[in-house]
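# Summary of structural features
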Amino acid sequence: MLDPKLYSLLQVYECGSFMAASRKLSITQPAVSHHIKALEEELGVTIFDRRGGKVILTREGEEVIQCARKMLGLYRNLQQDLRDRKQRLSHLTIGVTHTAESNPIAEALAHYCAQNDHVMIKMVTGTIKNLYNKLKSYEIDLAIVEGRIADPAIRYLLMDTDYLVLAVSVSHPFAKRGMVTLDELKKERMILRLPNSGTRNLFTAHLESNNLSLSEFNVILELDNIATIKDLIRRDLGVSILPKSVCLDELKKKKIAVLPVENLSMVREINIAYQSDFTQMDMLHDIVSCYRETLRHYQ
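A few words now on unusual backbone geometry. Positive phi values are uncommon outside glycine, yet N211 reaches one of about 60°. With respect to the helices and strands, the residue N211 is situated in the loop between α9 (198–209) and β8 (218–222). Not every positive phi belongs to a glycine, and K254 is a case in point at roughly 55°. With respect to the secondary-structure elements, K254 resides in the loop between α11 (248–252) and β10 (256–259).

Now for the environment of N196. Along the chain, N196 falls in the loop between β7 (189–192) and α9. Considered as a pair, N196 and L259 are 63 residues apart in the sequence and their alpha carbons are 24 Å apart. Non-local contacts of N196, meaning those with residues more than four positions away in its chain, are made with T127 and N201.

Turning next to the layout of surface pockets. A probe as big as a water molecule, rolled over the atoms, marks out the empty space that is left. Its boundaries defined by the atoms lining it, the largest pocket holds a volume of some 1,000 Å³. Lining the largest pocket are 36 residues, with G73, N77, Y138, E139 and D141 positioned closest to its centre. Elements represented by at least two residues in the lining of the largest pocket include exactly α1 (4–15), α4 (59–87), β3 (90–96), β4 (119–125) and α7 (128–136). Considering each element in turn, the lining of the largest pocket owes the most residues, 11 residues, to α4. Looking at side-chain class alone, the lining of the largest pocket contains 14 nonpolar, 11 polar and 11 charged residues. Space inside the second largest pocket adds up to approximately 290 Å³. Every residue lining the second largest pocket is listed: Y13, L57, E62, I65, Q66, C67, R69, K70, N133, K136 and S137. Secondary-structure elements contributing two or more residues to the lining of the second largest pocket are α4 and α7. Counting residues per element, the lining of the second largest pocket draws most heavily on α4, which supplies 6 residues. For the lining of the second largest pocket, the per-class residue count stands at 4 nonpolar, 3 polar and 4 charged.

It is worth spelling out the environment of T181 at this point. Relative to the helices and strands, T181 is located in the loop between β6 (154–169) and α8 (182–186). Separated by 82 residues in sequence, T181 and N263 have C-alpha atoms that sit 8.0 Å apart.

A few words now on empty space enclosed by the protein. For the structure shown, the criterion picks out 1 cavity of 30 Å³ or more. One number sums up the size of the largest cavity: a volume of about 30 Å³. Take the lining of the largest cavity: its biggest share by element is 3 residues, from α9. When grouped by side-chain class, the residues that make up the lining of the largest cavity number 3 nonpolar, 1 polar and 2 charged.

Core analysis: the largest hydrophobic core is formed by 26 residues, its most contacted members being I94, I105, L142, I144, M159, I272 and I287. Of all the secondary-structure elements, those providing two or more residues to this core are β3, α6 (105–115), β5 (142–146), β6, β11 (267–275) and α12 (281–296). Here the element with the most residues in this core is α12; it accounts for 7 residues.

Criteria and cut-off values
- Residues numbered from 1 in each chain as written.
- Predicted model: local features only at pLDDT ≥ 70, side-chain atom pairs only at ≥ 80, totals over all residues.
- Heavy atoms only, no water.
- Helix = DSSP H or I, 4+ residues; strand = E, 2+ residues; numbered from the N terminus.
- Contact = heavy atoms within 4.5 Å.
- 1 Å grid on protein atoms, 1.4 Å probe; cavity = no way out; pocket = protein on both sides within 12 Å on 5 of 7 lines; lining within 4 Å.
- Points joined across faces, edges and corners; volume = space filled by probe spheres on them.
- Nonpolar A, V, L, I, M, F, W, Y, C, P; charged D, E, K, R; others polar.
- Core = buried A, V, L, I, M, F, W, Y, C linked by side-chain atoms within 4.5 Å.
- Buried < 20%, exposed > 50% of the residue type's maximum accessible area, 1.4 Å probe, protein only.

Written out as structure tokens, the structure is:
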């Protein structure tokens, strides 16, 4: 069992107060304070700055929190592995971005589980930054992400190569076109992902490479839910820049049309990211194979 002081530490960090942490842990506030003080004495650092009635994490405290989260993640993985061994099961927690959640990845994972009845997958969503933090602290086993980061502790397996397209309703004048120019796009009502999304950032970067700014375009709505964006496009309330992979079902059913934008080659990788100590490589390759087989159903 992990040191109870670590549970107190993480709860104070997550709740933002000693009182809230004590309620969450069902122990007294003095007990929580004692745990934090004891940790600080053991490590020789100040974890929380308590001035002004606020609990603020110090720079050293950030390192302690990262380490504590990793220890908790490893401990929970150990517990799960031991339970799995008894039951001859394999549990995987896979993190995906909101974009990946909307493409055939979820369907492929469901197919994989159906073909391997000893495997159970928990899928969680988050931003790329959030998923990498969870991966490094062993809170998730794998992350399905767009692109890569330079980190020697993280390795990648390529799943697919995707690219961004202009998505329009089937009744839009562009629907039967082979391409649209940037000048033509400037005149359209655009519905875009939020500024912190990978899709939005990739589009903006390619505009800048053409000496253009997003402010030159008529962006009428920004939101994070891709299903909602596609619904608005279908009703011809605007156009959007989306990964082609999230539009496959609508394309097959002829509910949405997609086309490239002239001078914007917005290509990106979809990868499975994993820690260097992840050992079930056969499972990863099987998941990729299942994903590619799922894609064939949309062709």
